[in-house]
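# Architecture at a glance
Okay, here's what each chain looks like letter by letter:
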Amino acid sequence: MAFARTCSVALVGVDGVIVEVQADLEPGVAAFTLVGLPDKALSEARDRVRAAIVNSGEAWPQRKLTVGLSPASVPKSGSGFDLAVACAVLAAAERLDPSAIADLLLIGELGLDGRVRPVRGVLPSVLAAADAGYERVVVAEQTAAEAELVPGVSVIGVRSLRQLIAVLTGAPEPEEPPERIVGRPDPLMAGLMLPSAGVRGLPDEAASRMDLADVAGQYEARRALEIAAAGGHHLYLKGPPGAGKTMLAERLPALLPRLTQKDALEVTAVHSVAGLLPAGRPLIDHAPYCSPHHSTTMPAIVGGGSGLPRPGAVSLAHRGVLFLDEAPEFPVRVLDALRQPLEAGEVVIARSAGSLRLPARFLLCLAANPCPCGRHSRRGEGCECTPAMVFPVKSTCWAEGLSMHPIAMPPATAGRRYDVRASRPVASGRWGISLFRYSLGLLPK
């Protein structure tokens, strides 16, 4: 049989689209054609797949080869289709049984030596596969733990194309020892982790260190943090430099309860697509914390980029805290762009290559000095700023200013977190869904 097909996933934001990978061999001059709106990285799969198959001990078919990615109208990007393309070619060349891969979904990049490299966005891809009814998924061994977070899906983690061929044909699996250089990062993980972009998902150790007991005094500010965490309210901190605004904001995520399983999967999916999953932690179950610099552009805040948009800071802070330090220094258009995600809990981005929706339900925390020099007070001592420079209102303010004064040593975060957790049902019953519609979406669905 000169035709075979299998499946992979194309990501549009954090949503997955099932893509059927078809391979057809016909008599003629040997050539390899890839169709179906591939981007540059996917177009280069022709050379990667050919080298991987040959270096895995298999023969490359010397016929006219056409690989189609359907639906052809959906733009496809990245190297995660390599494994599916290779298996479809081998099945069309009768090296594999076409029926063995027809109901299989494959996600992974191939190295020239045939090793399977992990790619970003495995969790949302497997979630899309489960929704489409697929029961078996093949991924790189390094991302198998991430794929196993989806219930009802059998995950096969492989190290190389040779190993996958052995699994599909029932042959003995070859020895594939991991190639790691002692004292150096795993080269197979390159490209899976990107710079953090100011994002911090709090692991257990960091969450235990970020404690309100570190803050001396600031009773009103502490109380404001507890109320904001319990009610899902946004927070605006205003005070002179060194008053503790950043220290308080960094401890706000520790007050929030652990994420539910559903929310944790949403947050993990966004971080997986962005390449920000912490090493060794396939599931993010703590509220994330994102603190972009005031020079950050609007696409980096709300999402964007060339081609299909990628998650921005508002999506990376989904179900967590977005902290904008030096808020008056942010451009007006950046602050105004926060209106839609604050109201709707999501952001819709349109580009020439397509549009997508990204989740963006977060607790916003703003911090600012009272004036550019930071020395303004009611008595005006030492301040050299003109009246027009004293904290000009540049955009919509979502909370009133908060004066901070050192009063008493606060208690530890653990007790405050318990109070926050106990207060949420009371606040929900008192105010209804309108209280949380604009922030964290704390009410059960």
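See the structure above.
Report on the accompanying structure. Quick caveat: nothing in here was measured; it's all calculated off a predicted structure.

## Some details on the overall build of the chain
Across its full length, the chain carries 17 helices and 16 strands. For the chain, with 445 residues in total, the buried portion stands at 50%. Here the contacts in the chain between residues at least 6 apart in sequence split such that 73% fall between residues at least 24 apart. On the chain, roughly 20100 Å² of surface is accessible, and the fraction owed to carbon and sulfur atoms is 55%.

## So, the side chain of Ser 8
Take Ser 8: it is sitting in strand S1 (residues 3-12). Judged by its relative accessible area of 0%, Ser 8 falls in the buried class. Within the structure, the side chain of Ser 8 is placed 2.9 Å from the backbone oxygen of Leu 106, a separation counted as a polar contact. For Ser 8, the contacting residues outside a window of four places in its chain are Val 17, Ile 18, Val 19, Val 21, Gly 80, Phe 81, Ala 84, Leu 105, Leu 106 and Ile 107.

## Side note on the environment of Ser 43
Relative to the assigned elements, Ser 43 resides in helix H1 (residues 40-43). Classification of Ser 43 as partly exposed rests on a relative accessible area of 23%. Spatially, the C-alpha atoms of Ser 43 and Thr 33 are 9.2 Å apart, while their sequence positions differ by 10 residues. In this view, Ser 43 contacts Leu 34 and Pro 38; residues no more than four positions away in its chain are not counted.

## Here's the deal with the side chain of Arg 251
Within the fold, Arg 251 resides in the loop between helix H10 (245-250) and helix H11 (252-255). A polar contact of 3.1 Å, which involves the side chain of Arg 251, links it to the side chain of Asp 214. Leave out the neighbours within four places in its chain, and Arg 251 touches Met 210, Asp 211, Leu 212, Asp 214 and Val 215.

## Some points on unusual backbone geometry
Residues Ser 70 and Pro 71 are joined by a peptide bond in cis, for which omega reads 10°. In the Ramachandran plot, Arg 319 falls in the positive-phi region, its phi being about 65° despite a non-glycine side chain. Inspection of the secondary structure assignment puts Arg 319 in the loop between helix H14 (313-316) and strand S13 (321-324). Judged by relative accessible area, Arg 319 falls into the buried class, the value being 8%. Within the chain, Glu 326 stands out as a residue other than glycine whose phi angle is a positive 55°. Counting through the fold element by element, Glu 326 comes out in the loop between S13 and helix H15 (332-336).

## Quick notes on helix H2 (residues 45-55)
When we look at burial in H2, the residues that qualify are Ala 45, Arg 48, Val 49, Ala 52 and Ile 53. In an axial view of H2, the angular spread of the buried residues amounts to 120°, which keeps them on one side of the axis. The elements touched by buried residues of H2 are H1, helix H3 (82-92), strand S6 (109-110) and helix H7 (161-169). Gly 57 sits one or two positions beyond H2 and adopts a positive phi of about 90°.

Analysis parameters
Residues numbered from 1 in each chain as written. Predicted model: local features only at pLDDT ≥ 70, side-chain atom pairs only at ≥ 80, totals over all residues. Heavy atoms only, no water. Helix = DSSP H or I, 4+ residues; strand = E, 2+ residues; numbered from the N terminus. Buried < 20%, exposed > 50% of the residue type's maximum accessible area, 1.4 Å probe, protein only. Contact = heavy atoms within 4.5 Å. Areas by Shrake-Rupley, 256 points an atom, 1.4 Å probe, with all protein chains shown as cover. Polar contact = N/O pair within 3.5 Å; in protein donor to acceptor, adjacent residues only side chain to side chain. Arc of directions from axis to C-beta.

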